[in-house]
Amino acid sequence: MITSPQTLGHALRRNLPYGPLVFLLIWEIAARAFSDAFVLAGPLAVSVYLFDNFGLIARALGVTLANAAFGFFIGNAAAIGLAVLAVLLPRGEAMIRGFALWVFCLPLVATGPLLRVFFGPGEWPQIILAALAVYYTTLIPLLFGLRAVPSGWLDLSRSYGRGRFSALVHIRAMAAVPYLVAGLQIAAPAAFLGAMVGEFTGAERGMGVLTIRALRGMNIEMTWALATVATSVAVLAYAAIGKIAEQILAEDPPTILAAPALPSQHGMWSALTQGICVTLGVLVVWWGGLWLSGLNPFFAKGPDDVFEALFTASDAETTRAALYTALGETAIYLLPGYMFGLFAGAGLAMLLILLPSLANTAMPLAIALRSVPIITTAPLVVLLLGRGAVGTMTLVAIMVFFPTFVACLHGLKQAPGRVMDVFNSYAASPWDKLLRVRIPAMLPAFFAAARINVPASVLAVTVVEWLATGNGIGSVMALSASLSNYDMLWSSVVLVALLAVMGYLAVGAVEKAILRVYAPEQLS
């Protein structure tokens, strides 16, 4: 599914001339109104803190930016390599996409401690987490862009005796440039997020280290200052790539909401067979990686170790009970927050279609807010709403809301023009056009956002459990890492990743069932 939003910089220049000033004014008034609650620092207090501690913040920001930039390069290079491999070996594309999805669903808050054990106290855990956070957001657009080529061009290339590699270099690569830009735009703030998650797991320097210090010391000004800096960096990175795209592209880069559908395949490449092959491939890579690395089996656990911990060990029943209890606690907060974020995002998008005068104001703000790292959002939500159910569900909803809103708003605008002309000729009301034309056109975008938001919501809930609540699977993973209980830690990682993949696939199944009834043309 593709949409074509305006870049952030262009939208902000055209709209919202006074929006930032109004926002800052409201922020400052709210901070003064709740000054006795010690939960909100206004822009003036944040500015004073940043001025007084400029050197400290600048050094930490420099470390995090360096790690994020290195991870950004590695992750995007891996994504480009995988996308090229999928084009040159089309029969392996399902395997590549499936493996990429498995890795994308790994919980970063648990992967970080494992990488910390493997690599020690240096910068590599942050760099690798930054790479893991960005490769999928670049891989999916590239897979789409490398296939978004008129078949006639490829036929012409073949008529001259050119092979797949020549077509890749001279045709597909040129067509894929706008899609690569779209992926890089989303990957830039994601890299910053990954680097900060890595710093939460035992780093000595960086923005994540300062965030932990601010939370533990209940330093409200420091917490809001760090969040402001991280948000500004993420938004500026998003906008900078958009600005570069404006200079090199004829039109604004598209936003890729979902992976392109694979060509129809039969026989061994049925859905079930593909799933089995992908799972076996993941297990082989897992085993092979441990064997080649020669890591100490005390903390480097293989699939057989996880199976033993969950089913055959003397304490397997206790381990399973602890994990099931933690997952139940997480699900109580995860599912309501996920559903509320989805429907709130879709609902607001529909409202803006009915009231288009508000869209030009809301859209740039939503694009900016979707770039905010969840690591900086979590402490603010905890400060404002507490460490209980409300704060946890709110954080999950925020994580889900903005991508869904952006996706659905553009999906609603993809209604076929000729169909809209027919409705206009009959003087149909905006409500009738919304129900009968725009919502069916929006459904693929809605479900694409719902799929991508499954692992995103897992990240949100595990972060807040790790940092604040002390309950759920996020807390179990954090506690297991601190106690060196690697059987429990690896089991948690596998179980969370498996459930995230199953949730991703379940949303896809629901999508097909609903589209088959309400928008069958979208399945073509």
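Residues numbered from 1 in each chain as written. Predicted model: local features only at pLDDT ≥ 70, side-chain atom pairs only at ≥ 80, totals over all residues. Heavy atoms only, no water.

## A short note on the pattern of salt bridges
Condition: When a carboxyl oxygen of Asp or Glu is within 4 Å of a side-chain nitrogen of Lys or Arg, the pair counts as a salt bridge. A helix here means a DSSP run of H or I that spans at least four residues, while a strand means a run of E at least two residues long, and both kinds are numbered starting from the N terminus. Remark: exposure states derive from per-residue accessible area (1.4 Å probe, protein chains only) relative to the maximum for the residue type, with buried under 20%, exposed over 50%, and partly exposed in between.
Applying the stated rule across the entire model yields four salt bridges. As a salt-bridge pair, Arg 205 and Glu 123 come within 2.9 Å of each other at their nearest N and O atoms. One end of the pair, Arg 205, is in the loop between helix H9 (164–199) and helix H10 (207–216); the other, Glu 123, is in the loop between helix H6 (108–119) and helix H7 (124–147), with 82 residues separating them in the sequence. On the basis of relative accessibility, which here comes to 47%, the residue Arg 205 falls in the partly exposed class. On the basis of relative accessible area, Glu 123 is assigned to the partly exposed category, the value being 25%. Note that Glu 511 is salt-bridged to Arg 451, the shortest N-O span being 2.2 Å.

## Considering the nonpolar core
Test applied: Within this scheme, the nonpolar core is defined by two criteria: the residues are buried Ala, Val, Leu, Ile, Met, Phe, Trp, Tyr or Cys, and they are joined through side-chain atoms within 4.5 Å.
Of all hydrophobic cores here, the largest spans 65 residues; its most connected members are Leu 323, Tyr 338, Val 396, Phe 405, Phe 446 and Ile 473. Core analysis: the second largest hydrophobic core is formed by 31 residues, Ala 60, Leu 61, Ala 68 and Ala 187 among them.

## Overview of unusual backbone geometry
Of note, the phi angle at Ala 427 is positive, near 55°, even though the residue is not glycine. Here Ala 427 shows up in the loop between helix H18 (417–425) and helix H19 (430–469). You will see that Ser 484, though not glycine, has its phi angle at about 60°, which is positive. In this fold, Ser 484 is placed in the loop between helix H20 (472–482) and helix H21 (486–518). Using a relative accessible area of 32% as the deciding quantity, one classes Ser 484 as partly exposed.

## Side note on the packing of aromatic side chains
Selection rule: Here a Phe, Tyr or Trp ring, Trp counted by its six-membered ring, pairs with any other such ring whose centre lies within 6.5 Å, and the pair is stacked when the planes are under 30 degrees apart, edge-to-face when over 60, and tilted otherwise.
Within this structure, the stated rule accounts for 11 aromatic pairs. Ring centres of Phe 104 and Tyr 136 lie 4.4 Å apart, and the angle between their planes is 15°; on these two criteria the pair is classed as stacked. On the criterion of sequence distance, the pair formed by Phe 104 in helix H5 (residues 93–104) and Tyr 136 in helix H7 is long-range, its members being 32 residues apart. In terms of burial, Phe 104 and Tyr 136 fall into one category: buried. Relative to Phe 311, the ring of Phe 307 has its centre 5.0 Å away and its plane inclined at 40°; by these criteria the two rings are tilted. Note that Phe 307 and Phe 311 are positioned in helix H13 (residues 303–312) at a spacing of four residues, about one turn of the helix. Take Phe 307: its relative accessible area is 48%, and that puts it in the partly exposed class.

## A closer look at H10
The element H10 is largely enclosed, with a buried count of eight among its 10 residues. Directly beyond the C-terminal end of H10, a positive phi value near 50° is found at Met 218.

## Regarding a nonpolar patch on the surface
Put simply, the test is: In this analysis, a patch consists of residues with relative accessible area above 30% that form no salt bridge, clustered at 9 Å for like charges and at 5 Å for the nonpolar side chains Val, Leu, Ile, Met, Phe, Trp and Tyr. In these tables, accessible area is a Shrake-Rupley quantity obtained with a 1.4 Å probe, and a residue counts as shielded only by the protein chains included in the view.
Together, Phe 70, Phe 73, Ile 74, Phe 119 and Trp 124 make up a nonpolar patch on the protein surface, roughly 510 Å² of accessible area in all. Here the element with the most residues in the nonpolar patch is helix H4 (residues 54–88); it accounts for three residues. Along the chain, Phe 119 turns up in helix H6. Judged by relative accessible area, which is 43%, Phe 119 ranks as partly exposed.

Keep in mind these numbers describe shape, not what the thing actually does.
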